[in-house]
Amino acid sequence: MPLHRWFSNRKLLHKILVPVLVLLIVIASLVWTARSAISDLTSSTARITELVADRLGATIAVQSALGDAMDTEANAIVASSREAIDAANTQLTANIAKALSAIDTLAAAYDDPAERESIQAIKSIVGEYERVAQTTVQLARGFDTDGAIRVSIDVGRPVRQKLTAALGERVEQGMAETREAEKRATALSQQVMTRLYTVAGAGLLFAFGLLGSILLFFVVRPLHRLTSEMTSIAAGDLTVSIQGTERTDEVGLLARALQVFKSNGLDMRRLQEESDAQKRQMEADRRSAMLALADQFDANVQGVVQAVSQAARQLQSNAQTMTGAAETTTEQASSVAAATEQASANVATVAAASEQLGSSIGEIGRQVNGAATVARDAVAEGERTNALVERLASAAQKIGDVVNLIQNIASQTNLLALNATIEAAPAPARPARASPSSPTR
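A. Just the overall build of the protein chain, in detail. Within the protein chain one finds seven helices and zero strands. If you list the helices and strands of the protein chain from N to C, you get α-α-α-α-α-α-α. Put simply, the protein chain has 441 residues, and 29% of those count as buried. Contacts in the protein chain between residues at least 24 apart in sequence constitute 75% of all its contacts with a sequence separation of at least 6. Per element, the accessible surface of the protein chain, about 27,200 Å² overall, is 61% carbon and sulfur.

B. Representation of the nonpolar core in the model. In terms of nonpolar packing, the biggest core is built from 33 residues, with L66, I122, V126, Y129 and L163 touching the most fellow members. Listed by contribution, the elements that provide at least two residues to this core are α2 (12-78), α3 (82-108), α4 (113-141) and α5 (145-234). Apart from residues lying up to four places away in sequence, I122 is in contact with I103, L163, A166, L167 and R170. Counting residues in each nonpolar core, the second largest holds eight residues, with L226, V240, A255 and L258 among its members.

C. Expanded view of the packing of α3 against α4. Where α3 contacts α4, the axes come no closer than 10 Å and their chain directions differ by 180°. On the basis of the axis angle, α3 is roughly antiparallel to α4. Tallied by class, residues from the contact of α3 with α4 come to 15 nonpolar, five polar and seven charged.

D. Representation of unusual backbone geometry within the structure. You will see that F143, though not glycine, has its phi angle at about 60°, which is positive. By the secondary structure assignment, F143 is in the loop between α4 and α5.

E. The arrangement of α5 in detail. The largest bend in α5 comes to about 50°, at G156, with the proline P158 one to four residues further on. Within two residues after α5, G236 carries a phi angle of roughly 105°, on the positive side.

F. Examining a nonpolar patch on the surface more closely. A surface patch of nonpolar side chains, about 990 Å² in accessible area, is lined by L13, I16, L17, V20, L21, L24, I27, V31, L215, L216, F217 and V220. Mapped by element, the contributors of at least two residues to the nonpolar patch are α2 and α5. Looking at which element gives the most residues to the nonpolar patch, the answer is α2, with eight residues. Here V20 shows up in helix α2. For V20, a relative accessible area of 35% puts it in the partly exposed group.

G. Geometry of the environment of T136. Along the chain, T136 turns up in helix α4. Each C-alpha atom of the pair T136 and N89 lies 10.0 Å from the other, and the pair is 47 residues apart in sequence. Leave out the neighbours within four places in its chain, and T136 touches E73, I77, A148, V151 and S152. At 3.4 Å, the side chain of T136 and the side chain of E73 are in polar contact.

H. Looking closely at the confidence of the model for the protein chain. Of the residues in the protein chain, 73% reach a pLDDT of 70 or more, and the chain-wide mean stands at 75. The least confident element of the protein chain, judged by mean pLDDT, is helix α1 (residues 2-8) at 64; the most confident is α3 at 87. Note that pLDDT drops below 50 for residues 427-441; the model gives that stretch 25 contacts with residues more than four away or on any other chain.

I. Structural detail: the pattern of salt bridges. In this structure the tally under the stated criterion is seven salt bridges. Residue E73 is joined to R160 by a salt bridge in which the shortest nitrogen-to-oxygen separation is 3.7 Å. Highlighted residues: E73 in helix α2 and R160 in helix α5, separated in sequence by 87 residues. Each of the two residues, E73 as well as R160, counts as buried. One salt bridge in this structure joins R270 and E274, with 3.2 Å as the shortest N-O distance. Taken together, the residues R270 and E274, both in helix α6 (residues 250-353) and four residues apart, mark about one turn of the helix. Here the residues in one salt-bridge network are D267, R270 and E274, joined through shared partners.

J. Representation of the environment of V137. By secondary structure assignment, the location of V137 is in helix α4. Overall, V137 belongs to the buried group, its relative accessible area being 1%. Not counting residues within four places of it along the chain, the set of residues in contact with V137 comprises A76, I85, N89 and L92.

K. Spatial organisation of α4. Helix length check: α4, at 29 residues, gives a terminal C-alpha distance of 41 Å against a target of 42 Å (1.5 Å per residue), a fit within 8%. F143 sits one or two positions beyond α4 and adopts a positive phi of about 60°.

L. Fine view of the packing of α4 against α5. At a minimum axis distance of 9 Å, the contact between α4 and α5 shows a crossing angle of 160°. With respect to each other, α4 and α5 are oriented roughly antiparallel. The way α4 lies across α5 gives a crossing that is left-handed.

The rules we used
- Residues numbered from 1 in each chain as written.
- Predicted model: local features only at pLDDT ≥ 70, side-chain atom pairs only at ≥ 80, totals over all residues.
- Heavy atoms only, no water.
- Helix = DSSP H or I, 4+ residues; strand = E, 2+ residues; numbered from the N terminus.
- Buried < 20%, exposed > 50% of the residue type's maximum accessible area, 1.4 Å probe, protein only.
- Contact = heavy atoms within 4.5 Å.
- Areas by Shrake-Rupley, 256 points an atom, 1.4 Å probe, with all protein chains shown as cover.
- Core = buried A, V, L, I, M, F, W, Y, C linked by side-chain atoms within 4.5 Å.
- Axes fitted to C-alpha atoms, helices over the stretch in contact; angles between N-to-C directions.
- Parallel < 35°, antiparallel > 145°, perpendicular 65-115°, else oblique.
- Nonpolar A, V, L, I, M, F, W, Y, C, P; charged D, E, K, R; others polar.
- Bend = angle between axes of the 7 residues up to and from the residue.
- Patch = residues over 30% accessible without salt bridge, like charges linked within 9 Å, V, L, I, M, F, W, Y side chains within 5 Å.
- Salt bridge = Lys/Arg side-chain N within 4 Å of Asp/Glu carboxyl O.
- Polar contact = N/O pair within 3.5 Å; in protein donor to acceptor, adjacent residues only side chain to side chain.
- pLDDT = per-residue confidence, 0-100.
- Expected span 1.5 Å × (residues − 1).
- Left-handed = near helix turned anticlockwise from the far one by under 90°.

This is the structure:
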């Protein structure tokens, strides 16, 4: 709803100010209601009190004035001189006038014509009493004290009793009105309190209900929802939908902040996935490079082994050739030595047989000596050749040992390359290369 959405976008302080304002309005209503009720109660009580007090005061004034008049009558009866009797008579007249004035005041305090007529009837009784009192005073002035007493008792007593009864009735009526006014004041006070309680209860219930509704629907529930979404995001569930990001209040700020956390979490997850993919690609490239390096090293080692083996076989062949040449040279040298010895024997035989061939024999001797020198040189060269052949054979033996060592190194290299390939990644098993055969020495 537009109103709900509008209110949702208000700041939290503004939301709380609404029930506070309502509460202030309720308090103001209570104050106004209390003031109005108290004013009504005061005015009503004052009016009732004033009327009742005026009536009761007027009644008491009538009683007081008549009481004074009766006392003055008694004083006139017992007075010993005419001056005292005349003074008492004057006082009596004044008291009766005061009583009549109080009766008029009492009558004016009533709005009911019947009540006024009833009060005016008291004036006739007062008038009757005044006539009796004047008669008594005149008898007393004529020094007829006994006659005055008889008139006062026989005639005046019933009138006084009638006045007392009428005034007592007025007093009783005033007391009844006072009690009635008290009851009305109490009832009005109860009505005022009931009205105050009703307004206060309804206003406070509405204000706190509004405050509770605002806190529940616009603060507690959104915060509870955000807490649940935050818990889900903290648990790793980044698929949860963040609600309330469009709001402009504090809940909206929290929702947008949580949306930022979710976006950062998604970015971190994406970066982690990319990093894992790059790591897997690097591992695959590393395995491929290691396999290529192992294959290249294996090929290089195999080439080196083959080249060394070929060189060893060539050296062995050359050594064998040189050994054969040395043996042929030795045989030729032996043949030359044997021929030389045979020639020496023949020369000796020829020398003994013919002297004339001396010069020829000398020449032959010189040639034989040169041949012997050549033979000796050939024998020495044969010995040097044998020594060289022996060194070549020893070198060939060492070359064979080196070849065997290279073959062992190649085998170990193949094993290391195979182990590195297996450790790098779970790749399909490759058949082990056969180690190169040892060259024939």
